[in-house]
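# Results of the structural survey
The lines below spell out each chain.
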Amino acid sequence: FRTVGLEILGWILIPVGIILMPLPGPGMLIVAGGVALLSRRYVWAQKARGYVEKRAIEAAKYGVATAPRIVLSVLGGVWLFALGVVWWKGPNIPEFSLLNVGFGPELPGGPPAAFGLWVSALATWALIAFSVKRWR
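Residues numbered from 1 in each chain as written. Predicted model: local features only at pLDDT ≥ 70, side-chain atom pairs only at ≥ 80, totals over all residues. Heavy atoms only, no water.

### Observations concerning the confidence of the model for the protein chain
In this model, the protein chain carries an average pLDDT of 88, and 98% of its residues clear a pLDDT of 70 or more. Across the protein chain, the secondary-structure element scoring lowest on mean pLDDT is strand S2 (residues 101-103), at 80, and the one scoring highest is helix H4 (residues 67-89), at 93. (pLDDT = per-residue confidence, 0-100. Helix = DSSP H or I, 4+ residues; strand = E, 2+ residues; numbered from the N terminus.)

### Some thoughts on the packing of helix H1 (residues 2-20) against helix H2 (residues 27-38)
Here H1 crosses H2 at 155 degrees, and the two axes come no closer than 7 Å. Classified by the angle between their axes, H1 and H2 sit roughly antiparallel to one another. At the point where H1 passes H2, the crossing takes the left-handed sense. Judged by residue contacts, Leu 6, Glu 7, Leu 9, Gly 10, Trp 11, Leu 13, Ile 14, Gly 17, Ile 18 and Leu 20 of H1 engage Gly 27, Ile 30, Val 31, Gly 33, Gly 34, Val 35, Leu 37 and Leu 38 from H2. A breakdown of the residues in the contact of H1 with H2 according to their chemical character gives 12 nonpolar, 5 polar and 1 charged. (Axes fitted to C-alpha atoms, helices over the stretch in contact; angles between N-to-C directions. Parallel < 35°, antiparallel > 145°, perpendicular 65-115°, else oblique. Left-handed = near helix turned anticlockwise from the far one by under 90°. Contact = heavy atoms within 4.5 Å. Nonpolar A, V, L, I, M, F, W, Y, C, P; charged D, E, K, R; others polar.)

### Regarding the packing of H2 against helix H3 (residues 43-63)
Taken N-terminus to C-terminus, the directions of H2 and H3 make an angle of 130 degrees; their axes are 8 Å apart at the nearest point. Considered as vectors, H2 and H3 are oriented oblique to each other. The way H2 lies across H3 gives a crossing that is left-handed. On the side of H2, the interface is formed by Val 35, Ala 36 and Leu 38, while H3 contributes Trp 44, Ala 45, Ala 48 and Arg 49. Broken down by class, the residue content of the contact of H2 with H3 amounts to 6 nonpolar, no polar and 1 charged.

Laid out in structure tokens, this is it:
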């Protein structure tokens, strides 16, 4: 039951993460979680996870190599959190269309997008702290 449940969860997380990628929030982390769950059973997911894991470790080491990089990364998390506050307040924006999709006068996504931005900021800070502790 556990194996089948984790596989079903992995197959659910991948399309949900892909759908969430254009929105503010942790879409890519959700896809990575789905691939990690599926890597227990599928060779293609193992290969994808290995490639992503290698690149993520390289990026983490690069990001904490100097103090200015760490500060900029932390400020990136602050920026995500501040954008979440803006999304939560929901200011009116000018109406416009992009690829025949209309936007405005409200920001798309509303409070769920704000929550996604806050989760992304927390994940950013946690990953920075982990990277500093591990590779610095």
